[in-house]
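If you want the building blocks of each chain, they are given just below.
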Amino acid sequence: MCFKIRFLKSILFILVFAPSSTINANDNPFDLSNLEADIQDVQNQEYITHYLNYTNTKDLETIINTIDPNHFLIFDHPNNRVLIPQNQDKDFFVQTIKGLDTRPKQLSLEIKVVEINYADFEQYQSLFSKIGEGFYISYDMINNKTIPSKLINSTLINLEQNGDAKILAKPKIMSKNNNKTILNIGEKHPYIVFNNHNNSVVKTVKYVESGIKLNFTPRITNDNYIDLKIKVDIIHIKYLKEVDSNQLPVLSHREIESKVVIKNKHTIALAGMFEEKTNLNKGGFPILKAIPIIGHLFKYKISAKEHSDIMIFITPKIL
């Protein structure tokens with residue numbers, strides 16, 4: 001029976017899109033009873049045409065096949081339309097298709113990536129819950145609710161007004177509901193590799209990426225909250241290691257995943273993306289440090305390590 005239905009669907013498609021074609025039931029190697037009568041029935045059938053606006057016929061066909069494997073809908077993929085037979089099931093399929101062919105909800109994700117001194121973060125650490133090794137989120141894990149958005153935003157305002165925050169990026173991303181969105185914040189660092197080739201040294205410039213990679217998957221709930229899945233990857237160059245006379249970068253990689261439910265237009269913050277920088281300050285005695293040959297005796301270098309934290313503020317808004 002299933003084969004017969006599939007076979008008739010193929011014939012139906014030919015009859016609608018190539019009505020001049022002729023089909024001989026005797027050409028079919030299978031013994032299908034009453035095939036000629038069935039073909040005549042579908043050939044005499046009238047159809048209504050439904051053009052799709054948002055979904056596509058391939059995805060829709062998969063869903064309809066699950067609902068009713070024995071349907072006689074025709075899916076015209078090149079024109080993204082569906083032909084619906086004028087029979088007793090017409091109203092059911094029309095309403096089903098309209099229900100599936102709806103405009104997907106969209107969101108905007110307003111993001112601020114901020115660098116602050118680690119000592120400044122310690123002042124506000126009570127607003128955060130630990131979610132991994134060194135990672136924090138502005139979420140009350142015990143009571144399963146977000147920290148008030150006003151409190152998080154006032155934290156950022158205070159840091160900015162005191163000159164303790166450096167805005168690294170503030171992108172605004174558009175995303176479909178339940179669709180993964182990726183944001184890369186970083187840079188490429190060149191390094192040189194020397195190789196021997198045919199008794200000669202070949203110099204090749206290669207690049208390594210460092211920075212922060214954010215993955216967001218927002219899902220709008222029925223009560224207009226946002227179920228937000230977040231994944232953060234952090235890659236830093238720790239140091240250069242000599243391998244076969246090449247200075248190769250050694251990378252540090254950390255990642256964390258979390259999932260929170262927040263109100264529309266409310267803000268959540270991530271912290272704990274700590275970074276250690278070494279600042280090198282050069283100085284010396286005026287005039288003396290400029291003396292040839294012995295001038296270096298009157299110069300000095302002071303290196304100081306600075307610990308900073310990257311905070312990410314995320315505000316999703318349903319459009």
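Up top is the structure these notes are about.
Remember, predicted model here, so these are calculated numbers, not experimental data.

Draft legend 1. Focus on the overall build of the chain. Along the chain, the regular secondary structure elements total six helices and 16 strands. Across the 319 residues that make up the chain, the buried fraction comes to 35%. Sequence-distant contacts in the chain: of pairs separated by 6 or more residues, those separated by 24 or more amount to 67%. Of the roughly 20100 Å² that the chain leaves accessible, carbon and sulfur atoms contribute 49%.

Draft legend 2. Layout of the pairing of strand β13 (residues 225-243). Strand direction decides the pairing type here: strand β12 (residues 200-220) and β13, joined by 10 bridges, are antiparallel. Bridge pairing in β13 places Phe216 opposite Ile230. Connecting β12 to the antiparallel partner β13 that follows it, the hairpin turn spans four residues, and Asn224 within it adopts a positive phi of roughly 65 degrees. Relative to strand β14 (residues 246-263), β13 is paired through 18 bridges, and the arrangement is antiparallel. In the sheet register, Ile235 faces β14, and the bridge partner there is His253. Between the antiparallel neighbours β13 and β14 lie two residues, among them Asp244 with a positive phi of about 50 degrees.

Draft legend 3. Spotlight on the sheet that holds β12. If you walk across this open sheet you meet the four strands as β11-β12-β13-β14, and the pairing is antiparallel. Where the open sheet ends on each side, the last strands, each with one partner, are β11 (181-197) and β14. Along the sheet, successive strands turn relative to each other by an average axial angle of 15 degrees, direction set aside.

Draft legend 4. View of a nonpolar patch on the surface. A cluster of nonpolar side chains, Ile192, Phe194, Val201, Val205 and Tyr207, forms an exposed patch at the surface whose accessible area comes to about 490 Å². Secondary structure elements with two or more residues in the nonpolar patch: β11 and β12. Note that Tyr207 resides in strand β12. With a relative accessible area of 55%, Tyr207 lands in the exposed category.

Draft legend 5. Molecular detail of the pattern of salt bridges. By the definition in use, this model includes six salt bridges. For the salt bridge of Lys259 with Asp227, the shortest nitrogen-to-oxygen distance reads 3.8 Å. One end of the pair, Lys259, is in strand β14; the other, Asp227, is in strand β13, with 32 residues separating them in the sequence. Residue classification places Lys259 among the exposed residues on the basis of a relative accessible area of 58%. The exposure class of Asp227 is buried, given its relative accessible area of 10%. When salt bridges that share partners are traced, they join Glu110, Lys172 and Lys317 into one network.

Criteria and cut-off values
Residue numbering note: each chain is counted from 1, following its sequence as written. Per-residue local features of the predicted model are confined to residues with pLDDT of at least 70, and side-chain atom pairs are confined, for both listing and counting, to 80 or more; whole-chain, interface and lining totals are unaffected and use all residues. Just so you know, side-chain values use all the structure's heavy atoms and leave hydrogens and water out. Helix numbers and strand numbers start at the N terminus; a helix is a DSSP run of H or I with at least 4 residues, a strand a run of E with at least 2. With a 1.4 Å probe rolled over the protein chains alone, any residue whose accessible area is under 20% of its type maximum counts as buried; one over 50% counts as exposed, and the rest are partly exposed. By definition, residues are in contact when any of their heavy atoms lie within 4.5 Å. Only the protein chains shown count as cover for residues, with accessible areas throughout obtained via the Shrake-Rupley method and a probe of 1.4 Å. Here, a strand pair is defined by DSSP locating no fewer than two bridges between the strands. Axes, fitted as lines to C-alpha atoms, cover a helix only where it is in contact. Angles between the N-to-C directions of the axes lie from 0 to 180 degrees. Exposure above 30% relative accessible area and the lack of any salt bridge qualify a residue for a patch; like charges then connect within 9 Å, and the nonpolar side chains Val, Leu, Ile, Met, Phe, Trp and Tyr within 5 Å. Basic side-chain nitrogens of Lys or Arg form a salt bridge, by our definition, when they fall within 4 Å of a carboxyl oxygen of Asp or Glu.

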